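# A look at the structure
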Amino acid sequence: MIYRSALKTLSVAACALTLGAGSALAAGKTIDWAKVPEAKTVLFYPGQTSFEWIQTGTDHGGARSFTKKGDNCAGCHSEETADMGKKMVTGQKAETMVIPGKRASIPLSVKAAYDADTLYMRFAFPAGPHNAVPFADGGKMDPDNEIKLAMMIDGGKVDKAKQSGCWSSCHHDARDMPSAPKKDALGAAKGIDTSHGYVTKYLPESRTAISLKDDPRGGWDKVKPQAELDALLKDGTFLDLSRFKSGKGGVSEDGYILAERVLKENAGATYTGKKEGDQWVVTMSRKLKSGQPGDVAMEDGKTYTVGFAVHDDYVAGRFHHVSVDMRLGLGASGPDVEIKAAKQ
């Protein structure tokens, strides 16, 4: 179940959002956000819809179009993300761990700007009510962070990422998913860190095999040799990942996904964020070309597949809201470019 969100015209009342009419300081540079086009999308609760799930016809009606025709699911589902979120957040479909009262979707506004060296992003979304998680101590999975916002960038070498966005990294055997391995079995995999007690996101290219249908589904323990992983990273076969965490006054993390999720604090992308009234506003800056492993080198005139995720209300792991695959164009436009970065 992968869906690329269309740019729908959402009313201000429906979104409860504005990105601000004035200028804002980002990484030492003043960005005139009033002159930057605004993109709007709807993040939705995805439940347990994994990379394997979306390619299985008995689970997902669009599996054949996705696997055989190479279609993005936007053609069928671009107007349905909020409705899909309702089905999964309530347990009607693809969810066995329901959080009562959790909102099904979150409207997200995105602006992007760039100059000769740096990409700047601005995000805004409404704050939500607190709904206690019944299977977490104190009702909060991550009590230190009310929200987290993540951005993924595909440089064009990850199979099916252009079709599916972040779904290429979400697997049936990851944390809190149906085929997640028992903690005492985690030592069977070499080349990944499982000391935290679960399997993180990974790409199919990092495994020798992926089981789409046979239980257990996925391939968490079939990690390729380190030399092959190093070659993939050097070649650009990874998803660039960065994240903002609201705790401790705001924490920036940067890294990538290949054999596992790798994130380090203050490693490249710089985020700031705060709650302004009834909405969260988060800004980000990152070098177009950092030269660091796991960072996509971005260029003027090109388009990149991106995806966004928000963990709201102190949740963690897969209990987030996500976008479908979107296109970010740096000086590039066209019917498929939802986010048009303005050069400043």
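All values derive from a computational prediction rather than experimental measurement. (Residues numbered from 1 in each chain as written. Predicted model: local features only at pLDDT ≥ 70, side-chain atom pairs only at ≥ 80, totals over all residues. Heavy atoms only, no water.)

## As for helix α4 (residues 81-89)
Of the residues making up α4, those classed as buried are T81, M84, G85, M88 and V89. Down the axis of α4, the buried side of the element spans an arc of 125°, and every buried residue falls inside it. Phi turns positive one or two residues past the end of α4, at G91, with a value near 85°. (Buried < 20%, exposed > 50% of the residue type's maximum accessible area, 1.4 Å probe, protein only. Helix = DSSP H or I, 4+ residues; strand = E, 2+ residues; numbered from the N terminus. Arc of directions from axis to C-beta.)

## Focus on helix α6 (residues 226-235)
Along α6, the positions that sit buried rather than exposed are L229, L232 and L233. One side of α6 holds all its buried residues, which, seen down the axis, span an arc of 100°. Every exposed residue of α6 that faces more than 90 degrees away from the buried side is listed here: A227 and K234. Phi turns positive, to about 95°, at G236, one or two residues after α6.

## Points about the pairing of strand β7 (residues 239-245)
Burial analysis of β7 places 7 of its 7 residues in the buried class, which makes it a mostly covered element. By the alternation rule, side chains of β7 split into L239, L241, R243 and K245 and D240, S242 and F244, which are all buried. Relative to β7, strand β6 (residues 148-154) runs antiparallel, the two sharing 7 bridges. Bridge pairing in β7 links I153 to D240. Where β7 lies against strand β8 (residues 251-257), 7 bridges are found, and the strand directions are antiparallel. Looking at the pairing, S242 lines up with D254 of β8. As consecutive antiparallel partners, β7 and β8 are separated by 5 residues, and within that stretch K248 has a phi angle of approximately 55°, a positive value. (Pairing = 2+ DSSP bridges.)

## Some details on the confidence of the model for the protein chain
Counting all residues, the mean pLDDT for the protein chain is 90, and 89% of those residues have values of 70 or more. pLDDT under 50 marks residues 1-22. Its contacts with residues more than four places away, or in other chains, come to 85 contacts. (pLDDT = per-residue confidence, 0-100. Contact = heavy atoms within 4.5 Å.)

## Considerations on the packing of aromatic side chains
Two numbers describe a pair of aromatic rings. These are the distance of the centres and the angle of the planes. One pass over the structure, following the stated rule, counts 5 aromatic pairs. With a centroid separation of 6.0 Å and an interplanar angle of 15°, the aromatic rings of F44 and W167 are classed as stacked. Placement of the pair is F44 in strand β3 (residues 38-44) and W167 in the loop between α5 (161-164) and α6, with a sequence separation of 123 residues. W167 carries the same exposure label as F44, and that label is buried. The ring of Y314 has K140 sitting right over it, with the charged end atom 4.0 Å from the ring centre. (Phe/Tyr/Trp six-rings, centres within 6.5 Å; stacked < 30°, edge-to-face > 60°. Lys NZ or Arg CZ within 6 Å of the ring centre and 35° of its normal.)

## A word on the side chain of S206
Along the chain, the position of S206 falls in the loop between α5 and α6. If we skip the residues at most four places from it in the chain, S206 touches K222, V223, K224, L229, L232, L258 and A259.

## Considering the nonpolar core
Of all hydrophobic cores here, the largest spans 74 residues; its most connected members are M121, F123, M151, F308 and L328. By size, the runner-up hydrophobic cluster in this structure holds 6 residues, among which are I31, W33, Y120 and A342. (Core = buried A, V, L, I, M, F, W, Y, C linked by side-chain atoms within 4.5 Å.)

## What about the pattern of salt bridges?
With the rule as written, the count across this model stands at 17 salt bridges. With its nearest N and O atoms 3.7 Å apart, the salt bridge here joins E299 to K302. For E299, a relative accessible area of 33% gives the class partly exposed. A residue is classified by how much of its surface remains accessible, and K302, at 41% relative accessible area, is partly exposed. For D325, the salt bridge is made with R327, and the minimal N-O distance between the two is 2.6 Å. Take D325 and R327: they sit in the same class, and that class is buried. (Salt bridge = Lys/Arg side-chain N within 4 Å of Asp/Glu carboxyl O.)

## Details of the environment of V98
Within the fold, V98 resides in the loop between α4 and β4 (105-114). Taking the C-alpha atoms as reference points, V98 and P134, 36 residues apart in sequence, are found 8.5 Å from one another. Leave out the neighbours within four places in its chain, and V98 touches V89, T90, G91, P134 and F135.

## Some points on unusual backbone geometry
A negative phi holds for most residues other than glycine; trans holds for most peptide bonds. The residue after D215, namely P216, is reached through a cis peptide bond having omega 0°. Tracing the backbone through its elements, the reader meets P216 in the loop between α5 and α6. A positive phi angle, near 70°, is found at K160, a position not held by glycine. Its identity as a non-glycine residue notwithstanding, D176 has a phi of 65°, on the positive side. Along the polypeptide, D176 turns up in the loop between α5 and α6. Using a relative accessible area of 26% as the deciding quantity, one classes D176 as partly exposed.

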